[in-house]
Amino acid sequence: MLSLRFVSENLDLIKEKLKLRKTDANLDDFAKHVKERSDLLRESESLKYKKNQVSKEIGQLPPSERGKSPQIQEMKAVATQIKELDASLAEVDAKIENVLIILPNIPDASVPPGGGEEDNPTVRLWGEKPEFDFTPKQHFDLGEELGILDFERGAKITGARFTLYKGFGARLERALINFMLDTHTTEHGYTEVLPPFIVNEASMTGTGQLPKFKDDLYQLEGLDYYLIPTAEVPVTNIYANEILAEEDLPQCFVAYTPCFRKEAGSYGKDVRGLIRQHQFNKVELVKFSKPEDSFDELEKLLQNAEVILQKLGIHYRVVALCTADLGFSAAKTYDIEVWLPGQNAYREISSCSNFTDFQARRANIRYKGKSDKKTTLVHTLNGSGLAAGRTLVAILENYQQVDGSIKIPEVLKKYMGGLEKISK
RNA sequence: GGAGAGAUGGCCGAGCUGGCUGAAGGCGCUCGCCUGCUAAGCGAGUGUACGGUUUAAAGCUGUACCGAGGGUUCGAAUCCCUCUCUCUCCGCCA
């Protein structure tokens, strides 16, 4: 969320930025409402001042005289007036809040302008596309033939976009999760957390999923509880409504969680295979940083995520999301896109973002300076490190052999009990 | 699920027969003094948000906040209602 003050003082700038993002918001009456709010607030507060003063005077009267004090009648009227003013104020506040809460973050100045995915510039490439002297297969064919991925039974148990992993398929996914967690905790200094997989409405609002993206979430019937679409939600909310000490920043967390997404509006996209599931596993990196450090922290976080693919020896590219492709809460985002030879395409495997103070304002996460003693909103960041399911896809497609077996990447062998390859 | 107790400032902890309580007292922390150093001691300070004043900051000032939301009252941390969470006991359970 952007601050009321910032928005009301920069309406034209906001409109301009919204255009870049290709989003729309009705800001027509905003200035009017802000003025109205400030008038009501002032009036209400001055009446409250009067009421407080007079009430104090009444309290000082001897008890015998209190009952007949004309001031009581007078204050009765004032109290009614205050109640009416506050009711109007609440109405205006709600109008303002309804606009602010669905306004996206402002893209950072370094974000490339663009109209869509095709305008995302490539920041760098790592590794090379592997050469095959046969036609590489797609992961779902490989997985089914090896008996490690069972899409039909997943669909039977639950429905479309749910998959049953079996044998070394299940083991490989677990190996990846452990490999990622170990790397980030022991080599990159992140603290591992295992958060709840169900969160309340306040948490979802804090990170920006609610109220705008309710359709993408699984809500538990009759409750204001939701299945998490990413660990970003529970982990960022660790510090909701807290004030941290400056010397405790930055704080870096890594969490494995399953993620649950309705994928509303993606019918017909990636219908086969593991790429787009309603439930998938992900290792997520989350940071809380001082404002002046957050863009440096983003670069580090991105590199921490890249290391996973480097260690796995899989070719990828990093793209910077352009203004139109940026997510709702993000000020800047890099995507890591892994090479999938079976698909002959790069596919997103991680998204690393700096949310600046956008989520911190919603979730009310601040820190107190050591010298200046001021409280300031922190900056929050996060990125996948990485999506486990898609990483498994990348391994199947990049490490496939002509006989349909899968070589195990060196770094994963110890997590696979020394296994060299998965074969029939 | 049943019965009970509780939720106060960074922490502990009073207040809870309504007004003098933004909130006693202690601890912690910060600054100053003192001491050869440390400890002890002395003095002052020590929440957040929003608004007004100000070129700006500081300062001054107003409002709100004693788990959350409503209510009663001229006036509520204190009374009433609802909710959330924590703890104890019983039941059930991985």
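Refer to the preceding data block for the structure.
Now for a description of the structure that goes with this document.

### Details of the pairing of strand S8 (residues 251–260)
Of all 10 residues that make up S8, 9 are buried, and the element is covered over most of its length. Summarising the sheet, strand S4 (residues 191–193) and S8 pair through 3 bridges and their orientation is parallel. Bridge pairing links Thr191 to Phe253 in S8. Strand direction decides the pairing type here: S8 and strand S9 (residues 279–289), joined by 10 bridges, are antiparallel. Within S9, the residue paired with Val254 across the bridge is Leu285.

### A look at the environment of Glu97
Within the secondary structure layout, Glu97 lies in helix H5 (residues 70–100). For Glu97, a relative accessible area of 36% puts it in the partly exposed group.

### Here's the deal with the packing of helix H3 (residues 30–60) against H5
Relative orientation of the contacting elements H3 and H5 amounts to 155°, with a least axis distance of 8 Å. As the angle between them shows, H3 and H5 are arranged roughly antiparallel. Crossing angle aside, the handedness with which H3 passes H5 is left-handed. Tallied by class, residues from the contact of H3 with H5 come to 17 nonpolar, 5 polar and 11 charged.

### Considering the pairing of strand S10 (residues 316–320)
Residues in a regular strand project their side chains so that they alternate between the two faces of the sheet. Summarising burial for S10: 4 of the 5 residues are buried, a large majority. As paired strands, strand S1 (residues 122–126) and S10 are joined by 4 bridges and run antiparallel to one another. Bridge pairing links Arg124 to Val318 in S10. By the bridge criterion, 5 bridges tie S10 to strand S11 (residues 332–340) in an arrangement that is antiparallel. Following the sheet pairing, Val318 is matched in S11 by Ile336.

Definitions and cut-offs
- Residues numbered from 1 in each chain as written.
- Chains lettered and ligands numbered in written order.
- Predicted model: local features only at pLDDT ≥ 70, side-chain atom pairs only at ≥ 80, totals over all residues.
- Heavy atoms only, no water.
- Buried < 20%, exposed > 50% of the residue type's maximum accessible area, 1.4 Å probe, protein only.
- Helix = DSSP H or I, 4+ residues; strand = E, 2+ residues; numbered from the N terminus.
- Pairing = 2+ DSSP bridges.
- Axes fitted to C-alpha atoms, helices over the stretch in contact; angles between N-to-C directions.
- Parallel < 35°, antiparallel > 145°, perpendicular 65-115°, else oblique.
- Left-handed = near helix turned anticlockwise from the far one by under 90°.
- Nonpolar A, V, L, I, M, F, W, Y, C, P; charged D, E, K, R; others polar.

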